[in-house]
Amino acid sequence: MMTTAYVTPSPHTVKQWQLESLGLLAENTVKSIRMSSSKIQTTGSLNTRFSTWTPIANKSFNKQLFEERVSLISHWFDLWTDKQRKQFLHTMLVRCSKSQLKFTQNWFAERIPVSKVDFTRVLPHFISLHIFSFLSPRELCAAAQVSWHWKFITEQEKSALSNHTLSVLLSEEMKPVSNFNLAAEKQLVLASLKTLPKRKNVTGSRSDPVLPYKHCQRVYQKHSSFAYPLEPYLVLISSRIPAYEMVLDSIKPGVISVLYEHCGMTLESLLFYIEKALDGRKAKSIGIFSDGNSREINLLQGCTISIENILSPEVREFWEKLGCVMSPEEGGYVDIFVPLAASEAGMEVLSQLTQLTGMLFRTPTGIATGSYQHILSEWLGKQKDGPPISTYFTEVKLQTWLRTTELLEDALKSVRKHLRPYLSELQKKISDRIIGQFMFDATSRAKVHTNQETAQTFTDGLAELSKRSYEEDAKEAATQSQKPNCNIRANEPTFEAVAQLDKKLQEDTADRRTRIARELLTSEKNYVHMLQTVRDVYVAPLKAALASNRAILSHANVQIIFSDILAVLQLNRQFLNELTERLREWSPSQCLGEIFTQFGWQLQTYTNFFNNYTVILKTIDMCRETIPLFCAFLKRHDKTVVTNMMSLQELLLCPSKRFEEYLNLLYALRLHTPSEHTDREDLTAAIKMMKQYKEYIDQLKLNRSKDEQMLNAQRIIQGCPNLLEANRYLIRIQDVTQFSCCSEEICVSFRVYEHISNLSLFLFNDALVISNRSISYMPFERTPKTTYQFLAAAALHRLVVEDIPRSKYIKNAFILQGPKRQWICSIEDEDDKFTWLSALQSAINCSIEKK
């Protein structure tokens, strides 16, 4: 027969019969409870704290009662299901304080040590990269299969794979030499460079000299059917210009064009091509169409014409000799299609060039952010025969190129790849003209833009459609979110107010400073609008889907892709508000430099974005490949009217381009700010900040471009050691023919050479990689397949170059003498030989200076 003890009922007590029925109540505890019950009945109360079952008057009874409750709860816990246990644990942990949670964490750390943790998620990113750098290529391939995060790190670590493999190979081929022998060898290399042929003797001792100008003039007067006038117009076009083939095809008939490679060219070889194109004549005017900004001309790779190097011997000699090919008659100009007249530094460059050459220079004075539209602005200098672009180019074609420069460059990358093999037998300038004409025929944009009414109607329709689509998407995103605390549109600048302010500033176009301020406001408005497009078109629907339990992307992936760009948006939205407030009360005494300096102190937001830029793009690619919903989401939203026909990746390019626009506008603003103006000092400080940050971005771009070139060379050369190294970059690739001399004892002019093989020379800034080139045709294919096999490598500072005079047995030949081997090479075209030797000579000199 079951007996039960009487316990005074209370809202928080457990009845005694429950404990007894489970066998959890000890005999002593029963007696204690009965004594306490009688005491409670006698006193009628019990001193308790927090609840009626935790008395503090009797500590022993309190301890016993607590242990019994713990035993009871533990017994219940054993009877619960797994789901109930997890709910109980969650409830308990939520009620715990920080100290209690810390105690739980320490308990787990002591009894269950963390033995399997992804160190790449815990350690800083650069430490993880350093750890992965010790893995071999085979081990890295295995590590890349662990997870997507490890795959990202291993791909970033490609530059650390056997970084010094080529350096080790070069050192193995070199015998140790003493300091005396090393100095003698250095003198030998330098002496060999001095004996190389110069511009007037490219192919050896039998080259024909350049005819004097007076003699050439008599010859051209005698032959009146010559294609060009006696004093033609000449234009230089850099291959760095986007879609340069279309610029080349826009040149007017009768204008001589010189298309030159931006990479692997020297000032000496460029001057050689200019003189060869003129063929002894004098140019009436010379146009230079190259990359650059308002402070400098990016003429060649590693040769930027700026105020810092304008007086260096090599640069000074180039401009002085360029002045010698100009006509002595009045009316001749050098037209530089770079807006040097839009900054003080650019004006100083023009002043120095005028003093060096005695020629008149003309450049654009306007600033067009994000494009080459500045060449359509006003030009510095006299314009008797109209704007300079009408002198050299067909304006309709050039304006077509200006409107869609970047899109055409992307399209031409594919066109070049497919058409170049078929046009390989033609001269490069002719093949590029054909490609440019092909693009003009394919786009037919010129026909559209000749009808101004059609173009304007088309533009207005797109603007209206964009506005409607933008409003509809915003409403849809707001409906889907259904969240009262969603504040992503808080403090957003009203674009109606910005538009009204833009009209107000437009009324005062006479003041150049006002026009620059207007351009600054307009470009900033457009930039912020592009950032808001990312937020409204991509972020808002993805977050709304997360809130509605229909996630397209996980919260972690959304944060990785969009957190940094949203922080950039927040920063520039605040900057636009401050800029709008300043320009709303615009006057000649108004200052803008202060808000730029304040903006410059917050550029860590941009640094975070650029540091994570690679991870962001790889995460987008990974999610697109592995998540079908996200792939369909991108197809619906990419390249629509709302996104200005751009994809998400193209929109993420905007921050990298903005700082060049900031710098150009600040230079132009300071140029038209009087020296006594209070804003001039702040503008100088802001220019310094923006210039430093732009150099940081340019260095990131340069590193990526160099790595891409090195990886491409690594991929196409079979059996090549690892080329990736911190400061190594590719300069030029030259195809040559290798010969062997049958007998070196006879006179040089009578030596007979035998063809051995075809080689390709890969010139880097510190080494020359020599590979065997083989060409094979496949069945039913028109173009051959070219393969490269690694043969040898030579350090530039120990490479001796010797010219071979032209004879009836060999032409355009030279000798490359390394520490152990030598190669007798010949180039098919004499111009290519001179360009190659000039680039090789410059690279060897730079390599020796660094040793």
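Residues numbered from 1 in each chain as written. Predicted model: local features only at pLDDT ≥ 70, side-chain atom pairs only at ≥ 80, totals over all residues. Heavy atoms only, no water.

## Concerning the overall build of the protein chain
(1) Moving on: A count of helices and strands for the protein chain gives 33 helices and 18 strands.
(2) Moving on: A total of 851 residues make up the protein chain; the buried ones form 42% of that total.
(3) Moving on: Contacts spanning at least 24 positions in sequence make up 69% of the contacts within the protein chain whose residues lie at least 6 apart.
(4) Moving on: As displayed, the protein chain has an accessible area near 46700 Å², and 54% of this comes from carbon and sulfur atoms. (Helix = DSSP H or I, 4+ residues; strand = E, 2+ residues; numbered from the N terminus. Buried < 20%, exposed > 50% of the residue type's maximum accessible area, 1.4 Å probe, protein only. Contact = heavy atoms within 4.5 Å. Areas by Shrake-Rupley, 256 points an atom, 1.4 Å probe, with all protein chains shown as cover.)

## Considerations on unusual backbone geometry
(1) Moving on: In this model, asparagine 549 sits at a positive phi of 60°, which is unusual for a non-glycine residue.
(2) Moving on: Relative to the helices and strands, asparagine 549 is located in the loop between α24 (512-547) and α25 (555-584).
(3) Moving on: Owing to a relative accessible area of 73%, asparagine 549 belongs among the exposed residues under this scheme.
(4) Moving on: Positioned with a positive phi, lysine 639 is a non-glycine residue whose angle comes to about 55°.
(5) Moving on: Residue placement: lysine 639 occurs in the loop between α29 (628-637) and α30 (648-651).

## Structural notes on a nonpolar patch on the surface
(1) Moving on: Taken together, the side chains of Val117, Val122, Leu123, Phe126, Ile127 and Ile131 define a hydrophobic patch exposed on the protein surface, amounting to about 530 Å² of accessible area.
(2) Moving on: Per element, the largest residue contribution to the nonpolar patch is three residues, and it comes from helix α7 (residues 125-132).
(3) Moving on: In this structure, valine 122 sits in helix α6 (residues 119-122).
(4) Moving on: Given the relative accessible area of 61%, valine 122 is considered exposed. (Patch = residues over 30% accessible without salt bridge, like charges linked within 9 Å, V, L, I, M, F, W, Y side chains within 5 Å. Salt bridge = Lys/Arg side-chain N within 4 Å of Asp/Glu carboxyl O.)

## What to know about the pairing of strand β13 (residues 753-764)
(1) Moving on: Where strand β12 (residues 730-741) meets β13, 11 bridges bridge the pair, whose relative direction is antiparallel. Residue pairing across strands places serine 740 opposite glutamate 754, the latter belonging to β13.
(2) Moving on: Pairing of β13 with strand β14 (residues 767-776) involves five bridges; the strand directions are antiparallel. Within β14, the residue paired with serine 760 across the bridge is serine 771.
(3) Moving on: In this structure, the hairpin formed by β13 and β14 is closed by a connection of two residues. (Pairing = 2+ DSSP bridges.)

## Some details on the confidence of the model for the protein chain
(1) Moving on: The predicted model of the protein chain has a mean per-residue pLDDT of 76, with 71% of residues at 70 or higher.
(2) Moving on: Note that pLDDT drops below 50 for residues 40-52; the model gives that stretch 17 contacts with residues more than four away or on any other chain.
(3) Moving on: A low-confidence stretch, residues 504-510 (pLDDT under 50), is modelled with 10 contacts involving residues beyond four sequence positions or located in other chains. (pLDDT = per-residue confidence, 0-100.)

## Digging into the packing of aromatic side chains
Each pair of aromatic rings is reported with the distance of its centres and the angle of its planes.
(1) Moving on: In this structure the tally under the stated criterion is 33 aromatic pairs.
(2) Moving on: Ring centres of phenylalanine 762 and tyrosine 788 lie 5.8 Å apart, and the angle between their planes is 80°; on these two criteria the pair is classed as edge-to-face. Of this pair, phenylalanine 762 sits in strand β13 while tyrosine 788 is found in strand β15 (residues 785-795), placing the two residues 26 residues apart along the sequence. Take phenylalanine 762 and tyrosine 788: they sit in the same class, and that class is buried.
(3) Moving on: Each member of the aromatic cluster is reached from another via a ring pair, and the members are Phe575, Phe596, Phe599, Tyr606, Phe609, Phe610, Tyr613, Phe659, Tyr662, Tyr693 and Tyr696. (Phe/Tyr/Trp six-rings, centres within 6.5 Å; stacked < 30°, edge-to-face > 60°.)

## Notes on the sheet that holds strand β17 (residues 813-817)
(1) Moving on: Within the open sheet, the eight strands sit side by side as β11-β15-β14-β13-β12-β18-β17-β16. Their pairing is mixed. For this open sheet the edge positions go to β11 (717-718) and β16 (800-804), each flanked by a neighbour on one side alone.
(2) Moving on: Note that β11 and β15 share two bridges and pair parallel. Of the residues in β15, the one forming a bridge with glutamine 718 is glutamine 789.

## Description of empty space enclosed by the protein
(1) Moving on: Scanning the entire structure with this criterion turns up four cavities of 30 Å³ or more.
(2) Moving on: If you add up the space inside the second largest cavity, you get close to 40 Å³.
(3) Moving on: What lines the second largest cavity is Leu571, Gln574, Phe575, Glu578, Ile595, Gln598, Phe599 and Gln602.
(4) Moving on: Only α25 and α26 (593-600) provide two or more residues apiece to the lining of the second largest cavity.
(5) Moving on: The element that contributes the greatest number of residues to the lining of the second largest cavity is α25, accounting for four residues. (1 Å grid on protein atoms, 1.4 Å probe; cavity = no way out; pocket = protein on both sides within 12 Å on 5 of 7 lines; lining within 4 Å. Points joined across faces, edges and corners; volume = space filled by probe spheres on them.)

## What about the pattern of salt bridges?
(1) Moving on: In the structure shown here, the tally under the stated rule is 24 salt bridges.
(2) Moving on: In this structure, arginine 670 engages glutamate 344 in a salt bridge whose closest nitrogen and oxygen atoms are separated by 3.3 Å. Note that arginine 670 is positioned in helix α31 (residues 654-671) and glutamate 344 in helix α16 (residues 344-357), a separation of 326 residues in sequence.
(3) Moving on: Accessibility expressed as a relative area gives 14% for arginine 670, which makes it buried.
(4) Moving on: Two residues, lysine 833 and aspartate 803, come together in a salt bridge whose shortest N-O distance is 2.6 Å. One end of the pair, lysine 833, is in helix α33 (residues 830-850); the other, aspartate 803, is in strand β16, with 30 residues separating them in the sequence.
(5) Moving on: Aspartate 803 gets classed as buried once you look at its relative accessible area, which sits at 15%.
(6) Moving on: Taken together, the salt bridges that share partners define one network made up of Glu344, Arg670 and Arg680.

## Overview of the sheet that holds strand β8 (residues 303-305)
(1) Moving on: Sheet architecture is open: three strands sit in the order β6-β7-β8, paired in antiparallel fashion. Every interior strand has two partners, whereas the edge strands, β6 (291-292) and β8, have only one.
(2) Moving on: In the sheet, β6 pairs with strand β7 (residues 297-300) via two bridges, with the strands oriented antiparallel. Within β7, the residue paired with glycine 292 across the bridge is isoleucine 297.

## Examining the packing of α26 against helix α32 (residues 679-716)
A pair of packed helices can be characterised by two numbers: the angle between their axes and the separation between those axes.
(1) Moving on: α32 packs onto α26 with a crossing angle of 30° between their chain directions and a minimal axis gap of 8 Å. By the angle between their axes, α26 is roughly parallel relative to α32. Like other packed secondary-structure pairs, α26 and α32 cross with a definite hand, here left-handed. Residues Gly593, Glu594, Phe596, Thr597, Phe599 and Gly600 of α26 form the contact with α32, whose own contacting residues are Asp679, Asp682, Leu683, Ala685, Ala686, Met689 and Met690. (Axes fitted to C-alpha atoms, helices over the stretch in contact; angles between N-to-C directions. Parallel < 35°, antiparallel > 145°, perpendicular 65-115°, else oblique. Left-handed = near helix turned anticlockwise from the far one by under 90°.)

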